[in-house]
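# Architecture and fold: a report
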Amino acid sequence: EQGEDALIAHDLSTAAQERLFGFEIMPAPFVVAHWQIGMMLAQAGAPLATHQRAAVYLTNSLTGWNTPEGPIEQLLLPELQPERDAAERVKRAEPILVIIGNPPYNAFAGVSPEEEEGLVEPYKERLRSEWGIRKYNLDELYTRFLRVAERRIVERSGRGIICFISSYSYLSDPSFVEVRRHLLAGFDRLWIDSLNGDSRETGKRTPEGEPDPSVFSTPFNREGIRLGTAIGMFIRRGASEGQGEVRYRQFWGNHKREDLVATLADDAFAAGYEV
């Protein structure tokens, strides 16, 4: 039994250093992530040595995926360049098959790198010429993260899974019609859990008029965030054939989080979705 425990500890340590990658742009969450992983590994009997580190990098998740065409930009703080370079090696070379995240929901305001600004351009194509949409709202940051993930799985890995909890605007907003087209063309199966809870679309009310707070509500903030949310899981097995199959369900009310978790133990899990 001790030998089995040692093997599990070794596998956990290897996974944290070589198989599970994380990107964080803010220093404080970056430090906390390393601390939490280090504590977990120590409790599992696999503490990291002083020369080892978890593969969580201080980096902009939205840039560094493409090989630079010109000279590599030098950072104002040279001490951060090894961190940036290590993160970009992961982005360009590692075989990434699963991408999970909770990307920012807020609209972007400010200046961003050219590579990041161009991410949503494919989602703007044909909006005017084919769909007659002249004003669109694709500046929400989560849209950029969705494009990075879609491009990495569909165009690079060729197969894999994306799972994001994000704003649910991509499900029905006219501005996202090309986003939906990309997802349907690129993935074989799309599982959508709509968690509703939007202040603008539904006034945070269920169809029956009962309170419908955000899934992120707390005892100190009963309504939670203003935006409605959804969990989207997109699966690509290989070369895509035709349009992907969508499986969809909705959760409403004060207990949606508990209701969602309860479905994981349901033997008829897939039966709860509309196809």
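The notes below deal with the structure included here.

Rules behind the numbers
Residues numbered from 1 in each chain as written. Predicted model: local features only at pLDDT ≥ 70, side-chain atom pairs only at ≥ 80, totals over all residues. Heavy atoms only, no water. Helix = DSSP H or I, 4+ residues; strand = E, 2+ residues; numbered from the N terminus. Rg over C-alpha atoms; globule rule 2.2 N^0.38 Å. Buried < 20%, exposed > 50% of the residue type's maximum accessible area, 1.4 Å probe, protein only. Contact = heavy atoms within 4.5 Å. Expected span 1.5 Å × (residues − 1). Core = buried A, V, L, I, M, F, W, Y, C linked by side-chain atoms within 4.5 Å. Salt bridge = Lys/Arg side-chain N within 4 Å of Asp/Glu carboxyl O. Patch = residues over 30% accessible without salt bridge, like charges linked within 9 Å, V, L, I, M, F, W, Y side chains within 5 Å. Areas by Shrake-Rupley, 256 points an atom, 1.4 Å probe, with all protein chains shown as cover. Axes fitted to C-alpha atoms, helices over the stretch in contact; angles between N-to-C directions. Parallel < 35°, antiparallel > 145°, perpendicular 65-115°, else oblique. Left-handed = near helix turned anticlockwise from the far one by under 90°. Nonpolar A, V, L, I, M, F, W, Y, C, P; charged D, E, K, R; others polar.

On to the overall build of the protein chain. Along its length, the protein chain carries 8 helices and 7 strands. The globule rule puts the C-alpha radius of gyration for 275 residues at 19 Å, and the 21 Å found for the protein chain is close to it. Its C-alpha atoms put the protein chain at 55 × 50 × 45 Å along the principal axes. Within the protein chain, buried positions represent 39% of all 275 residues. Of the contacts formed within the protein chain by residues at least 6 apart in sequence, a portion of 79% connects residues at least 24 apart.

Attention now goes to helix 6 (residues 141-157). Here helix 6 spans 23 Å end to end across 17 residues, near enough to the 24 Å set by a 1.5 Å rise per residue. Summarising burial for helix 6: 14 of the 17 residues are buried, a large majority. After helix 6 finishes, the residue Gly158 shows a positive phi value of roughly 85°.

What follows deals with the nonpolar core. Counting 30 residues, the largest nonpolar core has Tyr170, Val179, Leu183, Phe187 and Phe234 as the members making the most contacts within it. For this core, the secondary structure elements donating two or more residues are helix 6, strand 4 (160-167), helix 7 (177-186), strand 5 (189-196) and strand 6 (229-236). By residue number, the principal contributor to this core is helix 6, which donates 7 residues.

With the rule as written, the count across this model stands at 16 salt bridges. The residue Glu150 makes a salt bridge to Arg147 at a minimum N-O spacing of 3.1 Å. One end of the pair, Glu150, and the other, Arg147, are both in helix 6, 3 residues apart, so they sit about a helical turn from each other. Taken as a pair, Glu150 and Arg147 share a single burial class, namely buried.

A cluster of nonpolar side chains, contributed by Val32, Trp35 and Met39, occupies part of the molecular surface with about 310 Å² of accessible area. The topology assignment puts Val32 in helix 2 (residues 27-43).

If you check which residues of helix 7 are buried, you get Val177, Glu178, Val179, His182, Leu183 and Gly186. Buried positions along helix 7 lie against helix 5 (121-124), helix 6, strand 5 and strand 6.

Take the packing of helix 6 against helix 7 next. Close contact between helix 6 and helix 7 brings their axes to 11 Å; oriented N to C, the two are set at 25°. Classified by the interaxial angle, the pair formed by helix 6 and helix 7 is roughly parallel. Judged by the sense of rotation from one axis to the other, the crossing of helix 6 with helix 7 is left-handed. When helix 6 is examined against helix 7, the residues Leu146, Arg147, Glu150 and Val154 are found in contact with a partner set consisting of Val179, His182, Leu183 and Gly186. Split into classes, the residues belonging to the contact of helix 6 with helix 7 amount to 4 nonpolar, 2 polar and 2 charged.

Purely geometric numbers; function is a separate question.
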